[in-house]
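Summary of the model geometry
What follows is each chain in one-letter form.
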Amino acid sequence: MTDAPRLTSLAHGGGCGCKLDPATLRQLLAQQPAAGPFERLLVGNETADDAAVWELEDGTCIIATTDFFTPMVDDPVDFGRIAATNAISDVYAMGGRPLFALAILGMPLGKIDPEVVARILRGGAEQCAEAGIPVAGGHSIDAPEPIYGLAVIGTCRREAVRRNADAMAGDAVLLTKALGVGVYSAAIKRETLDDAGYRDFIATTTLLNRIGPDLAAEPAVHALTDVTGFGILGHGLEIARGAGLTLTLEADALPLLPQAEALARAGAVTGASHRNWSAFGEAVDLPEGFPDWRRHILTDPQTSGGLLVTCSADRADALLARIRSAGYPAAARIGRIEAGPARIRVMG
């Protein structure tokens, strides 16, 4: 196929930025019937958690998730790698280890060369191999926009399950990856991100959150989730609402990708950032005079973002050192959980 279009030109959004906004999602879920009295269903959709968890007879738990989106990059192998990393992350965020994946594929036939599609699938399979799992099958359709992702099955012991709703007052809050993926993806769409920025973007979005089950093995770790399309505020608010507590974020402590501030100041902001703020801004207290570019960082949709961790404050520094030594150099202590209403308070 000659004069092939850019992958990002075929999609209205990209990555986790194309998720439904959290307010719309909550409205839709509120209208769905409850999962029912299934005592072995340990985690369903009641707390907007990362995956479903079902307990078997011997205390082993099955973790099931699905995640897919439209392209945020034009290189098909990179798109496949990012989408696979993002999908597998949900299993890690529950405290589990992945077993296998099934591919989810939608492609606009006649607009994309089959070889490009094959490269997307190859990128996803390569990332699954890095995680030590196979792509065991899948499903494909003709779709108006390119879509790729995975359904992932994992496992853990019941005592290792970590929900996003179990934070405790007095907990410290840690984040394992830098923020700014959304503003980088906006710059990619505009073709204004330089080569160094693109390398940083790929490095963070293809970094597997495999530290998750190691953290879940620590009794001091109380809540886990990954930061994706709703940004640090949206996923932090899920933790606050689940626990019925206040999450205080130290804005100056948030780790950022090297060009995130400059890009945000220059207006490289996704539509999802605006939708996120409209959806949950009323539950966030910002400092007086807090600049718009910093607010956009807080609502910036993270494709394949880091893990948000709450843990006993007296273990926070040791856990942070462990996370960094495991290959997450941007990890930081970013806040705390306090008694109070289910809100986020931003300091700094």
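The structure displayed is predicted, hence computed values, not measured ones.

Along the backbone of the chain there are 11 helices and 13 strands. Radius of gyration (C-alpha) of the chain: 19 Å, near the 20 Å computed for a compact globule of 348 residues. Buried positions account for 55% of the 348 residues belonging to the chain. In the chain, the share of contacts with a sequence separation of at least 24, taken over all contacts with a separation of at least 6, comes to 85%. For the chain, the accessible surface area stands at approximately 14200 Å², while carbon and sulfur atoms represent 55% of it. Looking at charge distribution, the chain has the averaged site of its 30 positive side-chain charges lying 2 Å from that of its 42 negative ones.

Next up on the list: the environment of aspartate 300. Looking at the secondary structure, you find aspartate 300 in the loop between helix H10 (292-299) and strand E11 (307-311). You can call aspartate 300 buried: its relative accessible area is 1%. Linking aspartate 300 and alanine 129, residues 171 residues apart in sequence, is a C-alpha distance of 29 Å. For aspartate 300, the side chain forms a polar contact with the main-chain nitrogen of valine 181, separated by 3.4 Å.

Counting buried positions along H10 gives 7 out of 8 residues, so the element sits mostly inside the fold. Within H10 the residues assigned to the buried category are Trp293, Arg294, Arg295, His296, Ile297, Leu298 and Thr299. Buried residues belonging to H10 abut helix H7 (231-243), helix H8 (260-265), helix H9 (271-280) and strand E13 (344-347).

Per the counting criterion, the structure on display carries 19 salt bridges. Taking the shortest distance from any N to any O, the salt bridge between arginine 163 and aspartate 166 comes out at 2.9 Å. In this structure, arginine 294 engages aspartate 252 in a salt bridge whose closest nitrogen and oxygen atoms are separated by 2.9 Å. Placement of arginine 294 in helix H10 and of aspartate 252 in the loop between strand E9 (246-250) and H8 is noted, with a sequence separation of 42 residues between them. Arginine 294 gets classed as buried once you look at its relative accessible area, which sits at 18%. What makes aspartate 252 exposed here is its relative accessible area of 62%. Each member of the salt-bridge network shares a partner with another, and the members are Glu250, Arg336, Glu338 and Arg345.

All right, on to the domain arrangement of the chain then. Each assigned domain of the chain is listed here: domain 1 (5-158) and domain 2 (169-344). Put simply, the middle of domain 1 and the middle of domain 2, counted by C-alpha atoms, are 20 Å apart. Facing the 36 residues of domain 1 at the interface are 36 residues of domain 2. Overall, the association of domain 1 and domain 2 removes approximately 2900 Å² of surface from exposure, summing both partners, and the carbon and sulfur fraction of that is 55%.

Here the focus is the sheet that holds strand E7 (residues 172-175). Each strand in a sheet pairs with its neighbour through backbone hydrogen bonds, running either in the same direction (parallel) or in the opposite one (antiparallel). If you trace the 7 strands from one edge of the open sheet to the other, you get E8-E11-E7-E12-E9-E13-E10, paired in mixed fashion. In this open sheet, the two edge strands, each paired with only one partner strand, are strand E8 (221-226) and strand E10 (284-285). Summarising the sheet, E10 and E13 pair through 2 bridges and their orientation is parallel. What sits directly across from aspartate 285, in E13, is arginine 345.

This brings us to the environment of alanine 216. As for its position among the elements, alanine 216 is in helix H6 (residues 212-216). Assessed through its relative accessible area of 2%, alanine 216 is described here as buried. Along the backbone, alanine 216 and arginine 162 are 54 residues apart, and their C-alpha atoms lie at a distance of 6.3 Å. In contact with alanine 216, other than residues within four places in its own chain, are Gly95, Ala160, Arg162 and Leu224.

A negative phi angle is the norm for most residues apart from glycine, just as the trans form is the norm for most peptide bonds. You will see that alanine 48, though not glycine, has its phi angle at about 55 degrees, which is positive. Structurally, alanine 48 is set in the loop between strand E1 (41-43) and strand E2 (52-55). We note that glutamate 191 has phi near 65 degrees; this positive angle belongs to a residue other than glycine. One can find glutamate 191 in the loop between helix H4 (181-190) and helix H5 (195-205).

Reading the values: the criteria
- Residues numbered from 1 in each chain as written.
- Predicted model: local features only at pLDDT ≥ 70, side-chain atom pairs only at ≥ 80, totals over all residues.
- Heavy atoms only, no water.
- Helix = DSSP H or I, 4+ residues; strand = E, 2+ residues; numbered from the N terminus.
- Rg over C-alpha atoms; globule rule 2.2 N^0.38 Å.
- Buried < 20%, exposed > 50% of the residue type's maximum accessible area, 1.4 Å probe, protein only.
- Contact = heavy atoms within 4.5 Å.
- Areas by Shrake-Rupley, 256 points an atom, 1.4 Å probe, with all protein chains shown as cover.
- Lys, Arg positive; Asp, Glu negative; His and termini not counted.
- Charge placed at Lys NZ, Arg CZ, Asp CG, Glu CD.
- Polar contact = N/O pair within 3.5 Å; in protein donor to acceptor, adjacent residues only side chain to side chain.
- Salt bridge = Lys/Arg side-chain N within 4 Å of Asp/Glu carboxyl O.
- Domains from an automatic or database assignment.
- Buried area = accessible area lost by both parts, 1.4 Å probe.
- Pairing = 2+ DSSP bridges.

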